[in-house]
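This is what each chain is made of:
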Amino acid sequence: MLGVALGVGVLLALLGGVATHSCVAPDKLVSELLERLEDSVDRNEPPNPSVLLAMNLAGATEGGGTRKWLLREIKEEAVKRAQKDMTSGQVALYVLALLSSCQDPHHTHALGQTVDLFRVLRKKTKEETESLEATGVPKTTLYSVSLDTLGLCLGGVGGYEDAATALAKEALSPAGHLSVDTRAAAALGLACAYHRTERQDLRHLLWEAVSVVTNGFLDEQEKRDGMMGNIYSMGLALQALGSTAMFYAPREWDCAQAFSVVYGHDYRQPMAIAQVLPALVGKSYLEAASLECAASSGVSPSLQPLKLGPAGVQKARIRVHYSIVNALQGKHFHESISVRVPAGSTLLEVLRAAEKKEPDVFSFQTEQTSWGPMVVSIHGLAANPEDRTYWQFLSEEDALQEGVGTYVPVDGERIQAVFSTY
């Protein structure tokens, strides 16, 4: 293992920066989630570093070679794309995945080339903080800056202190209104920075920020019977609370209550599984650089296939009402259609049915992301990160908490796609 990275892993363990609570999920559930995660890997699609990271943290065995394939593909993607079109947050996840695989991101070699991912990450992180200082918003997102801080800190390379300072100030800002995912990722990155930095002024700032974030999570959990954010933000929130107890002491975390919320949900979305799985085995992304990679111990995925429902049964058909709305840019429009799809169809299948029925009106395009397909254009109107526009999906008036590839509408549901800003 890398000397510097291992050093901070040991330091985190000594100071209570890794999970110290008593909640660990049953082996059967962990095995099922690991199997779902492995089965989600499509070798015709780009690799998802979050999946490899979660498998390593959960102690997955080699199985059918999924981890080896992911590691090889991640190295190749890094060599091809890291310096070109990857965001800082994407590079950070690649760094974390490599660290958890006992690889040195300084020397990522594939396809006859070698790239220093830490150098790339430092450069991209600097662009984020410079944008934040100049305009009040990062080049991409504060979630990315959180991952950047964690990746640089665990690697023991420069640049993490500036990112941590900017991130802590945002976490403490009353006007911040950061999502649970962003706050949780920030808590992990800031906790790492707190344990590594020798600057006392920065340590005071970081302590305050992590304390505010984690106490906020505890308050929300108490008010909402265990829930923090939504079911898909619970994974990172559990990781944060499980590894930062010293920052909210003397308060104690009722981990059993939070875990019971997770146990009540049937996780299918690979990215959601990848975020919740480490917490279920008592680990967090903070431990990505301190795994004993030579050991192959851990929980093996269940050899029994998951019972995902009867096969060959004709499903009933449901009717879904779908509308597209643009009152924001160019020529405004509001179009509606009703389509019939088999019960259990995802929203993506509803969109395809609408497009098939009226292609001139309901055409759409998607891009593949680590969370699944994301709709980037409808009726020829494309989302644009430069003017911070996107297509938001709502059921009645409530924003959907799942993506189009996993959300399953019910009979008679009214879905709207609204061109919006963030």
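In this text, all values refer to a predicted model and were calculated from it rather than measured experimentally.

K.L.:
I'm lost on the pairing of strand β6 (residues 372-378) in this one. Help?
P.N.:
If a strand is regular, its side chains alternate between the two faces of the sheet. Among the seven residues of β6, five are classified as buried, and the element is accordingly described as predominantly covered. The sheet contact formed by strand β5 (residues 364-369) and β6 spans six bridges and is antiparallel. The residue bridging Glu-367 from the neighbouring strand is Met-374, located in β6. As consecutive antiparallel partners, β5 and β6 are separated by two residues. Where β6 lies against strand β7 (residues 381-382), two bridges are found, and the strand directions are antiparallel.

K.L.:
Mind showing me how you'd approach helix α15 (residues 347-357) here?
P.N.:
Working note: α-helix, 3.6 residues per turn, so residues spaced by three or four point in the same direction. Within α15 the residues assigned to the buried category are Leu-347, Leu-348, Val-350, Leu-351 and Ala-354. Down the axis of α15, the smallest arc covering the buried residues is 155°, so these residues share one side. α15 presents Lys-356 and Lys-357 as exposed residues on the side facing more than 90 degrees away from its buried surface.

K.L.:
Looking at this structure, how should I read the pattern of salt bridges?
P.N.:
Two side chains bearing opposite charge may form a pair once their charged atoms approach each other closely. Under the criterion given, the structure shown has 14 salt bridges. The salt bridge involving Arg-36 is made with Asp-266; its shortest N-O contact spans 2.8 Å. Taken together, the residues span a long stretch of sequence, with Arg-36 in helix α2 (residues 27-39) and Asp-266 in the loop between α13 (255-263) and α14 (270-280) at a distance of 230 residues. Measuring nitrogen to oxygen at the nearest pair gives 3.6 Å for the salt bridge that ties Lys-80 to Glu-77. Of this pair, Lys-80 and Glu-77 both sit in helix α4 (residues 66-81), three residues apart, roughly one helical turn. Residue Glu-77 is classed as buried on the basis of its relative accessible area, which comes to 11%. Where salt bridges share partners, they join Glu-77, Lys-80, Arg-81 and Asp-85 into one cluster.

K.L.:
Teacher, can you tell me more about the packing of helix α9 (residues 180-196) against helix α10 (residues 200-223) here?
P.N.:
Helices that pack against each other are described as a pair by the angle of their axes relative to one another and the distance between those axes. One way to put it is that α9 packs onto α10 with a least axis distance of 9 Å and a crossing angle of 145°. Considering the relative orientation of α9 and α10, their crossing is left-handed. Contacts from Val-180, Arg-183, Ala-184, Ala-187, Leu-190, Ala-191, Ala-193, Tyr-194 and His-195 of α9 reach α10 at Arg-203, Leu-206, Trp-207, Ala-209, Val-210, Val-213, Phe-217 and Glu-220. A per-class count over the contact of α9 with α10 returns 13 nonpolar, one polar and three charged.

K.L.:
Got a minute to help me understand a positive patch on the surface in this structure?
P.N.:
Together, Arg-317, Arg-319, Arg-340 and Lys-357 make up a region of like positive charge exposed at the surface. Counting through the fold element by element, Arg-340 comes out in strand β4 (residues 333-342).

K.L.:
I keep staring at the state of the cysteines and nothing clicks. Help me out?
P.N.:
Evaluated as defined, the whole model comprises two disulfides. Across the disulfide from Cys-23 sits Cys-255; the S-S distance is 2.1 Å. Across the S-S bond of Cys-23 and Cys-255 the torsion is about 75°, and the bridge reads as right-handed. Taken together, the residues span a long stretch of sequence, with Cys-23 in the loop between α1 (3-14) and α2 and Cys-255 in helix α13 at a distance of 232 residues. Each member of the pair Cys-23 and Cys-255 is classed as buried.

Quick notes on the rules
- Residues numbered from 1 in each chain as written.
- Predicted model: local features only at pLDDT ≥ 70, side-chain atom pairs only at ≥ 80, totals over all residues.
- Heavy atoms only, no water.
- Buried < 20%, exposed > 50% of the residue type's maximum accessible area, 1.4 Å probe, protein only.
- Helix = DSSP H or I, 4+ residues; strand = E, 2+ residues; numbered from the N terminus.
- Pairing = 2+ DSSP bridges.
- Arc of directions from axis to C-beta.
- Salt bridge = Lys/Arg side-chain N within 4 Å of Asp/Glu carboxyl O.
- Axes fitted to C-alpha atoms, helices over the stretch in contact; angles between N-to-C directions.
- Left-handed = near helix turned anticlockwise from the far one by under 90°.
- Contact = heavy atoms within 4.5 Å.
- Nonpolar A, V, L, I, M, F, W, Y, C, P; charged D, E, K, R; others polar.
- Patch = residues over 30% accessible without salt bridge, like charges linked within 9 Å, V, L, I, M, F, W, Y side chains within 5 Å.
- Areas by Shrake-Rupley, 256 points an atom, 1.4 Å probe, with all protein chains shown as cover.
- Lys, Arg positive; Asp, Glu negative; His and termini not counted.
- Charge placed at Lys NZ, Arg CZ, Asp CG, Glu CD.
- Disulfide = S-S within 2.5 Å.

Any functional reading would require information beyond the geometric quantities listed.
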